[in-house]
Amino acid sequence: MTENGTLHETNGKYTLKFERLFTQQPEQVYNTMIKPDYFTQWYPFATGEMEHKEGGRIAFDDGEGSIYKGIITKFEHPYVFAFQEVDDLLSMELQPEGKGCRLVFKHTFADQSMAVMTAAGWHRCLDALGMLVNGKAATWPDNGAKLRKIYTETIGV
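Keep in mind the model is a prediction, meaning the values are calculated, not measured. (Residues numbered from 1 in each chain as written. Predicted model: local features only at pLDDT ≥ 70, side-chain atom pairs only at ≥ 80, totals over all residues. Heavy atoms only, no water.)

Caption draft 1: Highlighting the packing of helix 3 (residues 115-133) against helix 4 (residues 144-155). Running from N to C, helix 3 and helix 4 point in directions that differ by 130°, and their axes come no closer than 8 Å. By the angle between their axes, helix 3 is oblique relative to helix 4. The two elements helix 3 and helix 4 meet at a crossing, and its hand is right-handed. Across the interface between the two elements, A115, V116, M117, A119, A120, H123 and R124 from helix 3 touch G144, L147, R148, Y151, T152 and I155 from helix 4. In terms of residue class, the contact of helix 3 with helix 4 is made up of eight nonpolar, three polar and two charged. (Axes fitted to C-alpha atoms, helices over the stretch in contact; angles between N-to-C directions. Helix = DSSP H or I, 4+ residues; strand = E, 2+ residues; numbered from the N terminus. Parallel < 35°, antiparallel > 145°, perpendicular 65-115°, else oblique. Left-handed = near helix turned anticlockwise from the far one by under 90°. Contact = heavy atoms within 4.5 Å. Nonpolar A, V, L, I, M, F, W, Y, C, P; charged D, E, K, R; others polar.)

Below, the structure written as structure tokens:
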């Protein structure tokens, strides 16, 4: 399994899909994904304000002074966490695998021209999530340019 994301097109929408394997059980990974103190460390623009239920709201800060809300579309502890952020759909599904689990992360959006930048960004975010799940501090190595080059070559549009 590669940690690199793949791009899929369906009915004019684009979905980036990433998979990550964890040695931890779904409950531990899920709790790290959704706990506000951790969510703000791995998810871009997250404020930590989140209602843990279907139909619940999530607040984001665009970094330019505007707060906007997302809505949780699925909250099935400890397996599925999905929400709509503006017009984009994000889904995180944990599947038991051996003694650990597999995370299947999907981001569906309309603007194909954003695929390379978005893929590189999510790759880094999921790396940060992995660090948190493994009890380490989330660090952000300076690998954005390298990842953009990889994604330009593999999914470039």
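Structure shown, so let's carry the discussion forward.
Caption draft 2: Geometry of the packing of aromatic side chains. Tallied over the entire structure, the rule returns 17 aromatic pairs. Taken together, a centroid distance of 4.9 Å and an interplanar angle of 15° make the contact between F39 and Y43 stacked. Judged by centre distance (5.4 Å) and plane angle (25°), the ring pair of F60 and Y68 falls under stacked. Taking the relative accessible area as the measure of exposure, F60 reaches 0% and is therefore buried. (Phe/Tyr/Trp six-rings, centres within 6.5 Å; stacked < 30°, edge-to-face > 60°. Buried < 20%, exposed > 50% of the residue type's maximum accessible area, 1.4 Å probe, protein only.)

Caption draft 3: Spatial organisation of the pattern of salt bridges. Tallied over the entire structure, the rule returns seven salt bridges. The structure contains a network of salt bridges with shared partners spanning K17, E19, E97 and R102. (Salt bridge = Lys/Arg side-chain N within 4 Å of Asp/Glu carboxyl O.)

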